[in-house]
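Examination of the molecular architecture
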Amino acid sequence: MLRAGELVAFATETVYGLGADATNVAAIRRIYKVKRRPAGNPLIVHVRDRRQAEEYATGFGDVARILARRFWPGPLTMVVGRGRKIPAEVSAGMPTMAVRCPSHRAAQRLLAAFGEPIAAPSANLSGHVSPTTAADVLAELGGRIPLILDGGACAVGVESTVIDLTVDPPVVLRPGIVTVEMIRAALRRKLGTKAEAIQTSSVSGNAAAKSPGMLRRHYAPVTPTYRYGQGEWHLVRAWLNRYRPQAWVVRLTCDDARPARGQEVLIHLSEHGEQYARHLYKNLRIADSHGYDLILIEMPPDRGDVWTAIRDRIRRASREWPP
Ligand code: TXA
Ligand code: MG
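Worth saying up front: this structure is predicted, and the values here are computed from it rather than measured. (Residues numbered from 1 in each chain as written. Chains lettered and ligands numbered in written order. Predicted model: local features only at pLDDT ≥ 70, side-chain atom pairs only at ≥ 80, totals over all residues. Heavy atoms only, no water.)

Here we look at the domain arrangement of the protein
Taken domain by domain, the protein holds domain 1 (8–200) and domain 2 (225–320). Distance between the C-alpha centres of domain 1 and domain 2: 29 Å. With 20 residues of domain 1 at the interface, the matching set in domain 2 holds twelve residues. Contact between domain 1 and domain 2 buries roughly 1300 Å² in total, counting both sides, with carbon and sulfur atoms accounting for 58%. Ranking the residues of domain 1 by area buried against domain 2 places V129, V158 and P175 at the top, with a combined share of 36%. (Domains from an automatic or database assignment. Contact = heavy atoms within 4.5 Å. Buried area = accessible area lost by both parts, 1.4 Å probe.)

Here's what the structure looks like:
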């Protein structure tokens, strides 16, 4: 199917991808159409290994090689130069290209069997929550794509870290479970103190233009979704009692929460960052599926690590309380 220019959804360790032959312009256009993705938002090219990345990219230099050796296969995407075999449509016309080698066994086997790189955004409609199971993909894209390869539930649960290596110093465009601290540590020997200058770009800054997937609101449920600060639930509840006494709400928290009352459903999330991340999108989907009036997410504190990525995704999925 990939050889025929069709789209195939497949599991990666982060989220499910909607794959197409990265060298086939018609197939790439089909991805944008099926996802209703804005033409300006570039795709990630998945490769089987570092050698294939070097073959299809340009400017895959020492820094990229060090990061690939340390984090591939795995949830790190690097923006480098786009080679001639990858059509401009993959990168929304930009001369760069995002490349990643996934570690999920099914993705690896698909890449090995196909032989060419596979362009794949997350397998959801543009702006929605990314899918972490085959059933999620079916719910999002059923009837619009011919094949979903079920590789089970994704272990990571949030999208890969994206780092732009075409600028000096490199900039993390999207935080993930490969943290900026881990990247700095990997590059310290090569870059010395310059490694400390690697930062995560702010959501509101130029990153929006540079990496359109960084748009502030993204990865969002359909139900109106708000975030509130830790320990502020009583304020939210008081506001609801006063202004929206009829509202049915779903509340996501990892706090030691009191049992839910009428018209309120509680989803209790793990205090372990990796587990929280693994189940975040699944829980957002569950919260979204019941047609309640509001989803309310307690913002977990910034404890570094994977919490940076979690807080980033919650910010994109929600608006700040109060409405
Ligand atoms: O974990 C993941 O990365 C998943 C799985 C399927 O690999 N893929 C994924 O793709 O999240 P997508 O399309 O949903 O997000 C790709 C992100 C977007 O924020 C996009 O703007 C950015 O990568 N990106 C892609 N190419 C880029 C480029 N040339 N320069 C800057 N940002 C780029
Ligand atoms: Mg996406």
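Past the structure itself, the notes keep going.
A word on the sheet that holds strand β13 (residues 249–253)
In spatial order, the strands read β14-β13-β15-β12-β16; together these five strands make up an open sheet with parallel pairing. Pairing within the sheet leaves two strands with one partner each, and these edge strands are β14 (264–268) and β16 (319–320). Of the pairings in the sheet, the one linking β13 to strand β15 (residues 294–298) comprises four bridges and is parallel in character. Bridging from a neighbouring strand, V249 pairs with L294 of β15. Sheet contacts for helix α8 (residues 233–243): β12 (225–228), β13, β14 and β15; angle to β15, the most-contacted strand, approximately 160°. Relative to β15, helix α9 (residues 273–288) is tilted by about 160°, and along the sheet it contacts β13, β14 and β15. (Pairing = 2+ DSSP bridges. Helix = DSSP H or I, 4+ residues; strand = E, 2+ residues; numbered from the N terminus. Axes fitted to C-alpha atoms, helices over the stretch in contact; angles between N-to-C directions.)

Brief notes about the side chain of R37
Residue position: R37 is located in the loop between α1 (25–35) and β3 (44–46). For the buried residue R37, which engages in no salt bridge, the nearest side chain bearing the opposite charge is E159, 9.3 Å off. Within the structure, the side chain of R37 is placed 2.8 Å from the backbone oxygen of P42, a separation counted as a polar contact. Apart from residues lying up to four places away in sequence, R37 is in contact with Y32, P42, L43, P121 and S126. (Buried < 20%, exposed > 50% of the residue type's maximum accessible area, 1.4 Å probe, protein only. Lys, Arg positive; Asp, Glu negative; His and termini not counted. Salt bridge = Lys/Arg side-chain N within 4 Å of Asp/Glu carboxyl O. Polar contact = N/O pair within 3.5 Å; in protein donor to acceptor, adjacent residues only side chain to side chain.)

Quick word on the site of ligand 1
As a structural note, the neighbourhood of ligand 1 is formed by 28 residues, with T14, R37, N41, H46 and S160 the closest of them. Take T14: an N or O atom from its side chain is 2.6 Å from an oxygen atom of ligand 1. Between ligand 1 and R174, the relevant distance is 2.9 Å, taken from an oxygen atom to a side-chain nitrogen or oxygen of the residue. Burial of ligand 1 by the surrounding chains reaches 99%, relative to a free accessible area of 680 Å². Of all elements in the fold, only β3, β6 (96–100) and β10 (171–174) reach the threshold of two or more residues within the shell around ligand 1. When the residues that make up the shell around ligand 1 are grouped by side-chain class, the tally is 13 nonpolar, ten polar and five charged. (Near = heavy atom within 4 Å. Areas by Shrake-Rupley, 256 points an atom, 1.4 Å probe, with all protein chains shown as cover. Nonpolar A, V, L, I, M, F, W, Y, C, P; charged D, E, K, R; others polar.)

Some points on the nonpolar core
Within the largest apolar cluster, 51 residues are counted, with the highest numbers of intra-cluster contacts made by F60, L67, W72, M78 and I183. Mapped onto this core, the elements with two or more residues apiece are β2 (17–21), α1, α2 (50–56), α3 (62–71), β5 (76–82), β6, α5 (134–141) and α6 (180–191). Here this core gets six residues from one element, more than from any other, and that element is α3. With sequence-adjacent residues up to four places away left out, L67 is seen in contact with W72, L76, M78, I163, L165, I183, A186 and L187. Counting 25 residues, the second-largest nonpolar core is a separate cluster that includes V156, Y219, A287 and A317. (Core = buried A, V, L, I, M, F, W, Y, C linked by side-chain atoms within 4.5 Å.)

Some points on the pairing of β13
In terms of residue burial, β13 counts as a mostly covered element, since five of its five residues are buried. Side chains of β13 alternate between two faces, with V249, R251 and T253 and V250 and L252 buried alike.

Here we look at the environment of A135
Note that A135 resides in helix α5. A135 sits 122 residues away from A257 along the chain, and the two C-alpha atoms are 30 Å apart.

Some remarks on the packing of aromatic side chains
Inspection of the entire model under this criterion finds seven aromatic pairs. Measuring from centroid to centroid gives 5.3 Å for Y228 and W233, while their planes differ by 50°, and the two rings are tilted. Residue class for W233 comes out buried when judged on its relative accessible area of 14%. When the ring of Y276 is compared with that of W307, the centres are 5.2 Å apart and the planes differ by 65°; the resulting orientation is edge-to-face. Residue Y276 is located in helix α9, and its partner W307 is located in helix α10 (residues 306–317); the two are separated by 31 residues in the primary sequence. On the basis of relative accessible area, Y276 is assigned to the buried category, the value being 0%. The structure contains a cluster of three or more aromatic residues connected by ring pairs, namely Y226, W239, Y243 and W321. The ring centre of W233 lies 4.2 Å from the NZ or CZ of R251, which sits over that ring. Geometry around W307 places R303 over its ring, the cationic atom sitting 4.4 Å from the centre. (Phe/Tyr/Trp six-rings, centres within 6.5 Å; stacked < 30°, edge-to-face > 60°. Lys NZ or Arg CZ within 6 Å of the ring centre and 35° of its normal.)

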